[in-house]
Amino acid sequence: MMTLLLVERLKIKRSKIIWIALFSAVMVAFIVFMQGQFQYSGKRYIDNAAWYMTATQSLGSLFVFPAIIALMGSYMICREDQDDTMKSLLLVPVSVSDLIRAKLVITAIFSVGLYAFLFVVSLVVEAMLHASLLDLNTVLGFAKMYLLEGVGTFLAVSPIIAIVYKLKRGYWLAVLFAEIYSFISLFLGMQSTVRAVYPITAVFCVAGYYEATPVQFALSLFSLLACGILAVLLLRGLNEESEIH
């Protein structure tokens, strides 16, 4: 398993998707910075302490990162089939189950790493704006929120990765599905009970962005775990079919 993880890590380092992801994170940070220049009651949004760090992870999680993470996972899982190298790998032999598991682990690590990168960028900007107002508890609280959103967003989009792999229509389809998935959350997030269940908004409840009762938190956690289990079940069935063929 460790060997597969190292191999997948080397593969992903050569992928342009890494650069696309980093560029998207920088663009999120830039767009939020520009949005912060708008004024409300004579005061810019960005002049409020912690507004920037809060808005950055919100914009990234709703509009950008689900698509990027779904694209990464789908690209990794679909690559061997599209390059027609899966048959050769089965002759080695390589366990399809272990291979898929390694790809999912790398995707999860990538998701957390992407959020960690955005956190560092937003922290640097926030420090330049309000260094005197930042304290350790605030920084640690945001670090926890960003990292939990990295894990939660991966779980939320994992069924999309499995479905795209099943359809075998190309990994870019994951971007379309994920964007629709995220866009719907703008409407469902207005109702507290529904947003606790819908996976994209459930991420915010688990991470602490939304205030949630213990029941809502439990519903959100169950929703995300259910997404992960659904993805595993879908991929397990596909793995068994691949190994039979």
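Note that the coordinates shown come from a computational prediction; the quantities given were computed from them, not determined experimentally.

(A) View of helix α2 (residues 17-35). Look at α2: 26 Å from first C-alpha to last across 19 residues, which is about the 27 Å you get at 1.5 Å a residue. Among the residues making up α2, those that are buried are Ile17, Ala21, Ser24, Ala25, Val28, Ala29 and Val32. Buried residues of α2, viewed axially, fall in a sector of 135°; they line one side. Exposed and facing more than 90 degrees away from the buried side of α2 are Trp19 and Phe23.

(B) The nonpolar core, seen in detail. Phe65 and Tyr181 are the most contacted members of the largest nonpolar core, which has 66 residues in total. Elements represented by at least two residues in this core include exactly α1 (2-13), α2, α3 (51-82), α5 (96-130), α6 (136-167), α7 (173-188), α9 (199-207) and α10 (214-244). At 17 residues, α3 tops the list of elements feeding residues into this core. Setting aside chain neighbours within four positions, we find Phe65 in contact with Ser24, Ala25, Gly60, Leu114, Tyr115, Leu118 and Thr153.

(C) Representation of the confidence of the model for the protein chain. For the protein chain, the mean per-residue pLDDT works out to 85, and 86% of the residues sit at or above 70. Looking across the protein chain, the model is least confident in helix α4 (residues 86-90), with a mean pLDDT of 50, and most confident in α9, with 94.

(D) Here's a closer look at the packing of aromatic side chains. What the rule picks out here adds up to nine aromatic pairs. Ring geometry for Phe183 versus Phe187: centroids 5.3 Å apart, planes at 75°, classification edge-to-face. With a gap of four residues between them, Phe183 and Phe187 both fall in helix α7, about one helical turn apart. For Phe183, a relative accessible area of 47% translates into the label partly exposed. Judged by its relative accessible area of 51%, Phe187 is exposed. Connected via pairs of aromatic rings, a cluster forms that spans Tyr40, Tyr45 and Trp51.

(E) Molecular detail of a nonpolar patch on the surface. Taken together, the side chains of Phe23, Met27, Phe30, Ile31, Phe33, Met34 and Leu129 present a nonpolar region at the surface, about 620 Å² in accessible area. In terms of residues, the nonpolar patch owes the most to one element, α2, which gives six residues. Topologically, Phe23 is positioned in helix α2.

(F) Representation of α6. Taking 1.5 Å of rise per residue, 32 residues should cover 46 Å, and α6 covers 47 Å from first to last C-alpha, within 8% of that figure. At Val157, α6 shows its largest kink, close to 40°, and the proline Pro159 lies no more than four residues downstream. The residue sitting at the N-terminus of α6 and contributing the capping side-chain oxygen is Asp135; that oxygen lies 3.2 Å from the backbone nitrogen of Asn137. With its phi angle positive at about 55°, Lys168 sits one or two positions after the end of α6.

(G) Molecular detail of the environment of Ser185. For Ser185, the location among the structural elements is in helix α7. Residue class for Ser185 comes out buried when judged on its relative accessible area of 2%. Considering only alpha carbons, one finds Ser185 and Ile200, 15 residues apart in sequence, at a separation of 6.4 Å.

(H) Inspection of the packing of α6 against α9 at higher detail. One can describe the packing of α6 onto α9 by two numbers: an axis separation of 9 Å at closest approach and a directional angle of 155°. When the axis of α6 is compared with that of α9, the two are roughly antiparallel. The handedness of the crossing between α6 and α9 comes out as right-handed. Along the contact surface, α6 presents Met145, Leu148, Glu149, Gly152, Thr153 and Ala156, while α9 presents Pro199, Ile200, Val203, Phe204, Val206 and Ala207. Considered class by class, the residues forming the contact of α6 with α9 number nine nonpolar, two polar and one charged.

Calculation criteria
- Residues numbered from 1 in each chain as written.
- Predicted model: local features only at pLDDT ≥ 70, side-chain atom pairs only at ≥ 80, totals over all residues.
- Heavy atoms only, no water.
- Helix = DSSP H or I, 4+ residues; strand = E, 2+ residues; numbered from the N terminus.
- Expected span 1.5 Å × (residues − 1).
- Buried < 20%, exposed > 50% of the residue type's maximum accessible area, 1.4 Å probe, protein only.
- Arc of directions from axis to C-beta.
- Core = buried A, V, L, I, M, F, W, Y, C linked by side-chain atoms within 4.5 Å.
- Contact = heavy atoms within 4.5 Å.
- pLDDT = per-residue confidence, 0-100.
- Phe/Tyr/Trp six-rings, centres within 6.5 Å; stacked < 30°, edge-to-face > 60°.
- Patch = residues over 30% accessible without salt bridge, like charges linked within 9 Å, V, L, I, M, F, W, Y side chains within 5 Å.
- Areas by Shrake-Rupley, 256 points an atom, 1.4 Å probe, with all protein chains shown as cover.
- Salt bridge = Lys/Arg side-chain N within 4 Å of Asp/Glu carboxyl O.
- Bend = angle between axes of the 7 residues up to and from the residue.
- Polar contact = N/O pair within 3.5 Å; in protein donor to acceptor, adjacent residues only side chain to side chain.
- Axes fitted to C-alpha atoms, helices over the stretch in contact; angles between N-to-C directions.
- Parallel < 35°, antiparallel > 145°, perpendicular 65-115°, else oblique.
- Left-handed = near helix turned anticlockwise from the far one by under 90°.
- Nonpolar A, V, L, I, M, F, W, Y, C, P; charged D, E, K, R; others polar.

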